[in-house]
Amino acid sequence: PRGGEYVLTLADGTLVCLNAGSKLRFPVQFNGDTRRVELEGEGYFQVVRDEKKPFVVGASGVDITVLGTEFNVSNYPENMDVQTTLVEGCVKINVEQDKESYILQPGEQAVFNKTSGELHVSAVDVSYAIAWKEGRLRFRDRPLKEIMDFISRWYDVQIFFSNENVKKVRFTGAIMKFKPLEDLIRMIEKTSQVRFSVKNKTIVISEE
């Protein structure tokens, strides 16, 4: 649900942590040659190793195939990208319209653009990608629109921007997820040129 997290263990023993506003489709039992699930939203996977039956996460045109590893996948429908961040082990990325496979190494992130079909791989600080699982919000030079999408799901609020320029304001910071929303708002206002107007579960963000 929005405003919550969920942890489940699949039939093969794989542990999945789901972030707020996420959906995971999976079989009661894994039959056939692969263990396939479909993710909408964000999930952190700790996959039980089985070389005879690879684990596959489908996410909006991207297949992430693993044997046994830990990785994070972000695939919210409102976002243009599917982000796969490898923490430990090795994963293979397949794009539906591309016959070539891409192998990720620990500390790398694959970003697939749903519109263009392009995939880019780069080295990242994985702690930012998995901070949500550890009870924190961490952002480094991210647009306010992306940050507020996360805030909207976690605090279950509606976000409105006064104009398009406000969405592009970039922000770096960190806060514990279970802090009151007011604390997060004050922090953003102190470090950027935007102001928040809060009424019940509706927030309007405008330029200072």
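Residues numbered from 1 in each chain as written. Predicted model: local features only at pLDDT ≥ 70, side-chain atom pairs only at ≥ 80, totals over all residues. Heavy atoms only, no water.

1. Structural notes on the overall build of the protein chain
For the protein chain, the helix and strand inventory stands at four helices and 17 strands. Its C-alpha atoms give the protein chain a radius of gyration of 18 Å, within 12% of the compact-globule value 17 Å for 208 residues. Each of the three principal axes of the protein chain carries a C-alpha extent, and together these read 55 × 30 × 25 Å. Per-residue burial for the protein chain yields a buried fraction of 45% across its 208 residues. Looking at the protein chain alone, contacts between residues at least 24 apart form 44% of all its contacts between residues at least 6 apart. Carbon and sulfur atoms form 49% of the exposed surface of the protein chain, whose accessible area is close to 10800 Å². (Helix = DSSP H or I, 4+ residues; strand = E, 2+ residues; numbered from the N terminus. Rg over C-alpha atoms; globule rule 2.2 N^0.38 Å. Buried < 20%, exposed > 50% of the residue type's maximum accessible area, 1.4 Å probe, protein only. Contact = heavy atoms within 4.5 Å. Areas by Shrake-Rupley, 256 points an atom, 1.4 Å probe, with all protein chains shown as cover.)

2. Let's talk about unusual backbone geometry
Positive phi is not limited to glycine here, since D156 has a value of about 55°. Residue placement: D156 occurs in the loop between helix 2 (144-155) and strand 14 (158-161). On the basis of relative accessibility, which here comes to 32%, the residue D156 falls in the partly exposed class. For N200, which is not glycine, the phi torsion reads 55° and is therefore positive. Looking at where N200 falls in the secondary structure, it is placed in the loop between strand 16 (194-199) and strand 17 (202-207).

3. Description of the environment of F196
Along the polypeptide, F196 turns up in strand 16. Using a relative accessible area of 13% as the deciding quantity, one classes F196 as buried. Between the C-alpha atoms of F196 and E207, which are eleven residues apart in sequence, the distance is 9.0 Å. Look past the residues within four positions of F196 in its chain and what remains in contact with it is M148, I185, I188, E189, I203, V204 and I205.

4. A look at the pattern of salt bridges
Considering all chains together, one arrives at 13 salt bridges under this definition. E78 serves as the salt-bridge partner of R153, at 2.4 Å between the closest nitrogen and oxygen. With R153 in helix 2 and E78 in the loop between strand 7 (70-75) and strand 8 (81-88), this residue pair connects regions lying 75 residues apart in the sequence. The network of salt bridges with common partners includes R36, E38 and D63. (Salt bridge = Lys/Arg side-chain N within 4 Å of Asp/Glu carboxyl O.)

5. A look at helix 2
For helix 2, built from twelve residues, the straight-helix expectation of 16 Å at 1.5 Å per residue is met to within 8% by its first-to-last C-alpha distance of 16 Å. Taking burial as the measure, the twelve residues of helix 2 include ten buried ones, the bulk of the element. Residues L144, I147, M148, D149, F150, I151, S152, R153, W154 and Y155 constitute the buried set of helix 2. At the C-terminal side of helix 2, D156 shows a positive phi close to 55°. (Expected span 1.5 Å × (residues − 1).)

6. Digging into the nonpolar core
It is characteristic of soluble globular proteins that their nonpolar side chains tend to be buried jointly. Grouped together as the largest cluster of nonpolar side chains are 28 residues, with contacts concentrated most on M148 and I205. Of all the secondary-structure elements, those providing two or more residues to this core are strand 13 (136-143), helix 2, strand 14, strand 15 (170-176), helix 4 (181-191), strand 16 and strand 17. The element contributing the most residues to this core is helix 2, with seven residues. Ignoring sequence-local partners within four residues, the contact set of I205 consists of L144, M148, I159, F160, F161, S162, V166, V194, R195 and F196. Formed by 27 residues, the second largest nonpolar core is a distinct cluster that contains V16, V47, V57 and V62. (Core = buried A, V, L, I, M, F, W, Y, C linked by side-chain atoms within 4.5 Å.)

7. Details of the packing of aromatic side chains
Here the structure, examined in full by the defined rule, presents five aromatic pairs. Pairing F139 with F150 gives two aromatic rings, centres 6.2 Å apart and planes at 80°, and the pair type is edge-to-face. With F139 in strand 13 and F150 in helix 2, the pair connects residues that are eleven residues apart, well separated along the chain. You'll find F139 and F150 in the same group, each marked buried. Measuring from centroid to centroid gives 5.5 Å for W154 and F178, while their planes differ by 80°, and the two rings are edge-to-face. Remark: F178 occurs in the loop between strand 15 and helix 4 and W154 occurs in helix 2; sequence separation between them is 24 residues. Here W154 falls in the buried class, since its relative accessible area comes to 9%. The ring of Y44 is capped by K133, whose NZ or CZ atom sits 4.4 Å from the centre of that ring. It is R153 that lies over the ring of Y76; its NZ or CZ is 3.3 Å from the centre. (Phe/Tyr/Trp six-rings, centres within 6.5 Å; stacked < 30°, edge-to-face > 60°. Lys NZ or Arg CZ within 6 Å of the ring centre and 35° of its normal.)

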